[in-house]
Amino acid sequence: MALLTWVKETGINLVQINGQRRYGGPPPGWVGDPPPTGSEVFIRKLPQDMYENTLIPLFQSVGKLYEFRLMMTFSGLNRGFAYAKYSNRRSAKVAITALNNFEVQAGCAILVCKSTEKCELSMDGLATSLSRKRLEAMLQEAAEGILSITLYPSPYQKRARLAVVKYSSHRAAAMAKKSLMEGNMRICEEEMRVDWLKPDLKQKLRSTEEKPLAIWVPRGKSPWSSKQVQVPLSPVLCNVLDRLDALCRRQHLGTPLFFTKCVQANPDGWLRFWCQVVIPAYPVPFSGFTWVRQDVRGASGHDKAKDVLALQVLRILGESLRRARTIPTSPNVLEDLLGLWEF
C-alpha cells in the first residue's frame with residue numbers, strides 16, 4: 001500500500017485515536033509554544049481514498065505544518081475532511097489562497113478555508129446534585145485540555161443544570177464531544193445533550209441574572225478549589241497586591257502591571273470586570289473576567305478586580321497565603337481566569 005510505503009520511507013509517525021489520524025501536534029524537532037489561534041485551515045471534499053502520503057506533502061508545500069488531522073471511518077476510508085495547522089497564521093492564509101479549489105484529482109477540487117477552531121461545549125440536562133468537582137473529574141476521562149467549567153441553571157429544563165466547558169484547543173473539544181455523544185462515558189442517568197456552544201445560547205447565559213459558579217482549571221493541573229473566591233475588602237486590598245509585588249521582586253520578575261475595565265454594571269450593584277496583569281519577565285500575561293460588588297464606601301470595583309487577579313497569580317506562582325491573617329470577605333464569582341498568551 002502506498003501509504004505504508006510512504007510512512008516507512010519518511011519515518012513519519014501517524015497516530016489514530018477517536019476517529020482521526022494525526023501527524024505532529026507537535027511535529028519532530030518543534031521548539032516553543034503551539035501556534036496561535038488562526039493558524040489552522042479546514043479541508044473538505046477530499047476523495048475518500050486519498051491519504052496522508054498525498055495530503056501532507058501537498059499542504060507542506062505552502063508552509064511548515066505543526067499538525068495534520070485526517071478524519072477516518074471504521075472501514076479505513078477518510079471521511080472527506082481534514083484539518084491542517086501551520087506554524088503561523090501567515091502560512092494558513094497562504095494555504096487558503098493557494099489550495100482552495102485545487103484539483104487533487106481530475107474533476108475533484110478540494111475546498112480550503114479558515115478553521116473556526118471551536119473550543120467550547122454546552123452540556124444540558126445535568127443533575128442538580130452533580131458536584132462541579134465530580135463533573136470535572138469525569139470529563140477528564142473523555143479528553144484532556146479542560147480550561148474551565150461553568151455551571152448554570154438550565155434555560156431549557158426544570159431542575160437541571162447546563163455546563164459550559166472550555167478546552168485548550170478545537171481538537172481536545174472535538175474529541176470530548178465525540179466521546180460523550182457516542183456514549184463512551186456517561187455523566188448522568190438522564191438524557192444529556194452535548195453540542196458546540198452556540199452564540200445565541202452564550203449570549204443568553206451571559207445575560208442571565210443568576211451568576212454562574214465556575215471552576216477555574218490551570219493548564220495541566222486540577223482545579224485549585226471548587227469554592228467561590230472570596231475577595232478582600234478595603235482597607236487591606238493593598239496587602240495582596242503588596243505580596244505579589246514582593247514575590248516578583250524576589251524572583252526578579254519585574255513590577256506587575258494591572259489593566260482593568262468594567263464591561264457590565266447590573267442594577268443590584270454587581271460589576272463585571274475584564275482584568276489583566278503583565279509581569280515583565282513571566283512568559284504569559286494573566287487575564288480573565290470577574291464579578292465584584294460595588295460598595296457605597298470602601299474600595300472601588302477596579303481595586304477589587306485587581307485584588308482577585310493578584311490572589312490567583314500568587315497561587316499560580318506558588319506563593320503560600322496560609323500565613324495571611326483572616327480578613328473580612330464579600331462574595332464574588334470568578335469566571336474563566338486563565339493565563340493565556342495574547343497573540
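Residues numbered from 1 in each chain as written. Predicted model: local features only at pLDDT ≥ 70, side-chain atom pairs only at ≥ 80, totals over all residues. Heavy atoms only, no water.

Let's shift gears to the pairing of strand β1 (residues 14-17). Note: β1 against strand β2 (residues 20-24), four bridges, orientation antiparallel. Along β2, the bridge assignment pairs Val15 with Arg22. (Pairing = 2+ DSSP bridges. Helix = DSSP H or I, 4+ residues; strand = E, 2+ residues; numbered from the N terminus.)

Pairing is antiparallel in the open sheet, where six strands are placed in the order β1-β2-β4-β5-β3-β8. Where the open sheet ends on each side, the last strands, each with one partner, are β1 and β8 (111-114). The average undirected angle you get between the axes of adjacent strands in this sheet is 20 degrees. Most of the contacts of helix α3 (residues 89-99) go to β8, to which it runs at about 150 degrees, and overall it touches β3 (40-44), β5 (78-86) and β8. (Axes fitted to C-alpha atoms, helices over the stretch in contact; angles between N-to-C directions. Contact = heavy atoms within 4.5 Å.)

We now examine the nonpolar core. Membership of the largest hydrophobic core comes to 28 residues, with the highest contact counts inside it found for Val41, Ile43, Phe59, Phe68, Leu70, Ala84 and Tyr86. Broken down by secondary-structure element, the contributors of at least two residues to this core are α1 (2-10), β3, α2 (52-60), β4 (65-72), β5 and α3. For Leu70, the residues in contact, after removing those within four places along its chain, are Gly19, Gln20, Arg21, Leu46, Met50, Tyr51, Glu52, Leu55, Asn78, Phe81 and Ala82. Within the second largest apolar cluster, 22 residues are counted, among which are Met123, Ala142, Leu151 and Tyr167. (Core = buried A, V, L, I, M, F, W, Y, C linked by side-chain atoms within 4.5 Å. Buried < 20%, exposed > 50% of the residue type's maximum accessible area, 1.4 Å probe, protein only.)

Within this structure, the stated rule accounts for six salt bridges. In this structure, Arg21 engages Glu52 in a salt bridge whose closest nitrogen and oxygen atoms are separated by 2.9 Å. In this pair, Arg21 sits in strand β2 while Glu52 sits in helix α2, placing the two residues 31 residues apart along the sequence. In this pair, the class of Arg21 matches that of Glu52, namely buried. Put simply, Arg249 and Asp245 hold a salt bridge, and the shortest N to O gap is 2.4 Å. One end of the pair is Arg249 and the other is Asp245, both in helix α7 (residues 237-250) and four residues apart, which spans about a single turn. Taking relative accessible area as the criterion, Arg249 reaches 53% and is therefore assigned exposed. The network of salt bridges with shared partners includes Glu40, Glu67 and Arg69. (Salt bridge = Lys/Arg side-chain N within 4 Å of Asp/Glu carboxyl O.)

Turning to its location among the elements, Ala174 is positioned in helix α5 (residues 170-181). Judged by relative accessible area, Ala174 falls into the partly exposed class, the value being 21%. Counting along the chain gives 54 residues from Ala174 to Glu120, while the straight-line C-alpha distance between them is 9.3 Å.

Turning to the side chain of Glu52, a few remarks are in order. Accessibility expressed as a relative area gives 1% for Glu52, which makes it buried. In this structure the side chain of Glu52 is engaged in a polar contact, spanning 2.9 Å, whose partner is the side chain of Arg21. Setting aside its immediate chain neighbours within four residues, Glu52 contacts Leu3, Trp6, Leu14, Arg21, Pro57, Phe68 and Leu70. (Polar contact = N/O pair within 3.5 Å; in protein donor to acceptor, adjacent residues only side chain to side chain.)

To continue, consider helix α8 (residues 301-316). Taking 1.5 Å per residue, 16 residues should reach 22 Å; α8 reaches 23 Å between its end C-alpha atoms and fits that length. Taken together, the buried positions of α8 are occupied by Gly301, Lys304, Ala305, Asp307, Val308, Leu309, Ala310, Leu311, Gln312, Val313 and Leu314. (Expected span 1.5 Å × (residues − 1).)

We now examine the confidence of the model for the protein. Parts of the model with low pLDDT should not have their predicted coordinates read in detail. Per-residue pLDDT for the protein averages 77, and the proportion of residues at 70 or more is 79%. Model confidence for the protein, summarised as mean pLDDT per element, is weakest for strand β18 (residues 329-331) at 34 and strongest for α2 at 95. Here residues 213-238 is a poorly scored stretch, pLDDT under 50, and it has 77 contacts once near neighbours within four places are set aside; other chains count. Low confidence marks residues 319-343, where pLDDT is under 50. Its contacts with residues over four positions away, or in another chain, come to 81 contacts. (pLDDT = per-residue confidence, 0-100.)

Below, the discussion takes up the packing of α1 against α2. The N-to-C vectors of α1 and α2 enclose an angle of 55 degrees; their axes lie 9 Å apart at closest approach. Here α1 lies oblique to α2, going by the angle between them. Contacts between α1 and α2 pair Ala2, Leu3 and Trp6 from the former with Glu52, Asn53, Ile56 and Pro57 from the latter. Partitioned by chemical class, the residues of the contact of α1 with α2 number five nonpolar, one polar and one charged. (Parallel < 35°, antiparallel > 145°, perpendicular 65-115°, else oblique. Nonpolar A, V, L, I, M, F, W, Y, C, P; charged D, E, K, R; others polar.)

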